[in-house]
Amino acid sequence: MKTVRPKKNLGQHFLTDLSIAKAIADTVDACPGIPVLEIGPGMGVLTQFLVTKNREVKAVEIDKESVEYLHANFPKLRDNIIGDDFLRMPLDGIFGGRQFVLTGNYPYDISSQIFFKMLDNKDLIPCCTGMIQREVALRMASEPGNKAYGILSVLIQAWYDVEYLFTVDENVFNPPPKVKSAVIRMTRNTVTDLGCDEALFKRVVKAVFNQRRKMLRVSLRQVFSGTPARAEFYAADIMTKRPEQLTVAQFVDLTNMVEAELKAVSTVSGEK
């Protein structure tokens, strides 16, 4: 088997520039001493550089043709090539419960899902690097006040420091994607407790960004779908802001305000 045919249904765009592949592989050096899990290795363009780093490397690949190619061309990795769907597989047993670096040339159409799964396993993944669609990378690294700032920005930056490393042009792929790509690195910050209910935090962030052009006093109403919040809740100064204006810390404060109000209106409703 000489090459693997890129499959459109899997969003495969194989990187052909070895210097860029090495640069991407080198991004894992920021988190030394722990294993590496590569997602979607394809024909091993990143893998060939990752295996030189004197640490344990495993790769998960959903494409059977790619798995066969990797078995043939990376015989030393044979037992560490996992033919599975990353989004469906449990992560805690991959390296026996040890932490690991997540990396890869991520399929564009599921990159956000990959990072949401990373967040669900943040205690296992202190570092995540790789290449994604440039637009998504800009959202992840965006600061408050920018149009790119949104759900992914807040949820990831609550737990990770995000670095936009460099842009990659379309002409170094087979087939070339219709958009530019970018290489990012996310490193766990020092936060161990958000200081609010994490599930409600996600709910609030998603609710207000789903109506991002509206002030919080309007977009938050959907959080109180059962019993409406009291008028004084919406009188707070923060309610005149739009979601892209809030820092992660302000979202934490807002979540605590929402939780207190949910309890207050629930109490009032129960007394009636």
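Residues numbered from 1 in each chain as written. Predicted model: local features only at pLDDT ≥ 70, side-chain atom pairs only at ≥ 80, totals over all residues. Heavy atoms only, no water.

Caption draft 1: Fine view of the sheet that holds strand β3 (residues 57–60). With mixed pairing, seven strands are arranged side by side in an open sheet as β4-β3-β2-β5-β6-β9-β7. Bordering the open sheet on either side are β4 (81–82) and β7 (160–168), each of which pairs with just one other strand. As defined by bridge partners, strand β2 (residues 36–39) adjoins strand β5 (residues 101–104) across four bridges and the pair is classed as parallel. Directly across from Glu38, in β5, lies its bridge partner Thr103. The strands touched by helix α1 (residues 18–25) within the sheet are β6 (127–133), β7 and β9 (181–188), with β7 carrying the most contacts at an inclination of about 175°. Helix α4 (residues 111–120) contacts β2, β5, β6, β7 and β9 of the sheet and is inclined by roughly 165° relative to β6. (Pairing = 2+ DSSP bridges. Helix = DSSP H or I, 4+ residues; strand = E, 2+ residues; numbered from the N terminus. Contact = heavy atoms within 4.5 Å. Axes fitted to C-alpha atoms, helices over the stretch in contact; angles between N-to-C directions.)

Caption draft 2: Broad picture of unusual backbone geometry. In this structure, Asn54 is a non-glycine residue whose phi angle is positive, near 55°. Relative to the helices and strands, Asn54 is located in the loop between α2 (47–50) and β3. By relative accessible area, Asn54 is classed as exposed at 77%. (Buried < 20%, exposed > 50% of the residue type's maximum accessible area, 1.4 Å probe, protein only.)

Caption draft 3: The packing of aromatic side chains, seen in detail. All chains considered together, the criterion is met by six aromatic pairs. Seen from their ring centres, Tyr149 and Phe209 are 6.1 Å apart, and the 70° between their planes marks the pair as edge-to-face. Placement of Tyr149 in the loop between α5 (134–141) and α6 (151–157) and of Phe209 in helix α7 (residues 198–209) is noted, with a sequence separation of 60 residues between them. For the pair Tyr149 and Phe209, a shared accessibility class is recorded, and that class is buried. (Phe/Tyr/Trp six-rings, centres within 6.5 Å; stacked < 30°, edge-to-face > 60°.)

Caption draft 4: Quick peek at the side chain of Asn105. For Asn105, the position within the fold is in the loop between β5 and α4. If we ignore the near neighbours within four places in the chain, the residues touching Asn105 are His13, Leu15, Ile39, Gly40, Leu46, Met131 and Phe173.

Caption draft 5: Representation of α5 in the model. When α5 is considered as a whole, its buried residues turn out to be Val136, Ala137 and Met140. Down the axis of α5, the sector holding all buried residues measures 100°, keeping them to one side. The secondary structure elements touched by the buried residues of α5 are α4, β6, α6, β7 and β9. (Arc of directions from axis to C-beta.)

Caption draft 6: Spotlight on the environment of Val223. Relative to the elements of secondary structure, Val223 occurs in the loop between α8 (216–219) and α9 (248–271). Looking at Val223, the relative accessible area reads 3%, which means it is buried. Between the alpha carbons of Val223 and Leu262 there is a distance of 8.9 Å; along the sequence they are 39 residues apart. Filtering out sequence-adjacent residues up to four positions away, Val223 remains in contact with Arg203, Ala207, Val258 and Leu262.

Caption draft 7: How the structure looks around the nonpolar core. Core analysis: the biggest nonpolar cluster contains 57 residues, and Leu102, Phe115, Phe201, Leu220, Phe251 and Leu254 have the highest contact counts within it. Put simply, the parts of the chain that give this core at least two residues each are β2, α4, β6, α5, α6, β9, α7 and α9. By residue number, the principal contributor to this core is α7, which donates seven residues. What Leu254 contacts, discounting residues up to four positions off in sequence, is Val204, Leu216, Leu220, Ile238, Met239 and Leu246. Listed in part, the 27 residues of the second largest apolar core include Val28, Cys31, Ile34 and Phe173. (Core = buried A, V, L, I, M, F, W, Y, C linked by side-chain atoms within 4.5 Å.)

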